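Residue-level structural notes
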Amino acid sequence: MSTFYNTLAAWWPLISPVEDYAEEVEFFLPLLAEATARPAPTLLELGSGGGNNAFHLKRAFHHVTLTDLSDAMLEVSRQLNPDCDHHAGDMRSLRLGQTFDVVFIHDAIDYMTTLDDLRAALTTAAVHCRPGGLLLIVPDHVRDNFDPDTEHGGVDVEGRSIRYLEWTYDPDSSDSTCVTDYVFIVREGDAPPAVYHEQHVFGLFTVDEWLAALTEAGFQPESILDPYDRYVFIGRKPG
Ligand SMILES: C[S@@+](CC[C@H](N)C(=O)[O-])C[C@H]1O[C@@H](n2cnc3c(N)ncnc32)[C@H](O)[C@@H]1O
């Protein structure tokens, strides 16, 4: 069980403030214009975490359904997005029995570490995407332009403070994964700081592998570079 998405879930709004997501959503929304222009458009997000993207995306949709593996992260999202439906589920196997105009997967797709996992998640997306609908996927990294990276952040709110270091590197360039080491330092009131370390393994696939997997799942795929040099994948499900 992940420390980040369970023990530390309640800290998510201080680790990754919702306002930091507004700019990228302004880039995503025009990509979805043909779907959001339909009457009463619907959105499904797989791996929606604390619901930060959804908070900015939801204004373009009539109804939004958010799903995640972690109940604790869903609870954080419920506070932020009480107007959305929330369901627990693994994106590799979730079956809600309904279809949506748009299926969205943000950085949670990084947890697909093998091509089989990736294919399973794309099958879930295809099953829930209505004919003529769109899939939008935004992995943090692809093999083609992978660069080791270090980030830090965290904020203070009413006697609660957190800082983190996030160090991403690729120990073995011959496999389909990279790793991120996270270190969190948490302070509450006058209590001594608590320190957590956790290593996450992320999938690292080539753009060609992405496009082939999307085609295999039944989408007409396209890739574009976003303003942050991330490859963004759009899949159109034939109508
Ligand atoms: C970085 S958070 C996502 C944050 C989200 N982009 C937001 O807007 O708040 C990554 C999420 O992926 C979820 N996750 C990891 N593996 C998953 C899986 N197999 N199925 C569904 N969710 C998964 C984790 O529980 C975590 O909440």
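Residues numbered from 1 in each chain as written. Predicted model: local features only at pLDDT ≥ 70, side-chain atom pairs only at ≥ 80, totals over all residues.

So, about the overall build of the protein. If you tally the helices and strands in the protein, you get eight helices and twelve strands. In terms of overall dimensions, the protein is globule-like: its C-alpha atoms have a radius of gyration of 18 Å, near the 18 Å expected for 239 residues. Taking the principal axes of its C-alpha atoms as reference, the protein extends roughly 60 × 45 × 30 Å. Per-residue burial for the protein yields a buried fraction of 38% across its 239 residues. (Helix = DSSP H or I, 4+ residues; strand = E, 2+ residues; numbered from the N terminus. Rg over C-alpha atoms; globule rule 2.2 N^0.38 Å. Buried ≥ 20, exposed ≤ 12 C-beta atoms within 10 Å, placed from the backbone.)

Right, let's get into helix 7 (residues 115–128). Residues three or four positions apart in an α-helix share a direction because the helix packs 3.6 residues into each turn. Given a rise of 1.5 Å per residue, 14 residues ought to cover 20 Å, and the 20 Å separating the end C-alpha atoms of helix 7 matches this to within 8%. Looking only at helix 7, the buried set comprises Leu118, Ala121, Leu122, Thr124, Ala125 and His128. Buried positions in helix 7, seen along its axis, are confined to an arc of 150 degrees and lie on one side of it. The elements touched by buried residues of helix 7 are strand 1 (42–46), strand 4 (100–105), strand 5 (129–137), strand 10 (194–203) and helix 8 (207–216). (Expected span 1.5 Å × (residues − 1). Arc of directions from axis to C-beta. Contact = placed C-beta atoms within 7 Å.)

Quick look at the environment of alanine 88 now. Take alanine 88: it is sitting in strand 3 (residues 85–88). Once residues lying within four places of it in the same chain are set aside, the contact partners of alanine 88 are Asp68, Asp71 and Leu74.

Further remarks concern the packing of helix 7 against helix 8. The contact between helix 7 and helix 8 brings their axes to 9 Å, and the two run at 45 degrees. Here helix 7 is positioned oblique relative to helix 8, judged by the angle of their axes. The hand of the helix 7/helix 8 crossing is right-handed. Contact residues: helix 7 offers Leu115, Leu118, Arg119 and Leu122, while helix 8 offers Glu209, Ala213, Leu214 and Glu216. Per-class residue counts for the contact of helix 7 with helix 8 are five nonpolar, no polar and three charged. (Axes fitted to C-alpha atoms, helices over the stretch in contact; angles between N-to-C directions. Parallel < 35°, antiparallel > 145°, perpendicular 65-115°, else oblique. Left-handed = near helix turned anticlockwise from the far one by under 90°. Nonpolar A, V, L, I, M, F, W, Y, C, P; charged D, E, K, R; others polar.)

A word on the environment of tyrosine 111. Inspection of the secondary structure assignment puts tyrosine 111 in the loop between strand 4 and helix 7. Put simply, tyrosine 111 and glycine 47 are 64 residues apart on the chain and 9.5 Å apart in space, counted from C-alpha to C-alpha.

Taken domain by domain, the protein consists of domain 1 (3–142 + 205–236) and domain 2 (143–203). Here the C-alpha centroids of domain 1 and domain 2 sit 21 Å apart. Taken together, the contact pairs 20 residues of domain 1 with 22 residues of domain 2. Every element with two or more residues in the side of domain 1 that touches domain 2 is listed here: helix 1 (3–7), helix 2 (12–15) and helix 7. Of the residues in the side of domain 1 that touches domain 2, the class split is 13 nonpolar, five polar and two charged. (Domains from an automatic or database assignment.)

What follows deals with the site of the ligand. Taken together, 20 residues form the shell around the ligand, and within it Gly47, Gly49, Asn52, Ala108 and Tyr111 come nearest. Across the shell around the ligand, the residue classes tally to seven nonpolar, nine polar and four charged. (Near = placed C-beta within 6 Å.)

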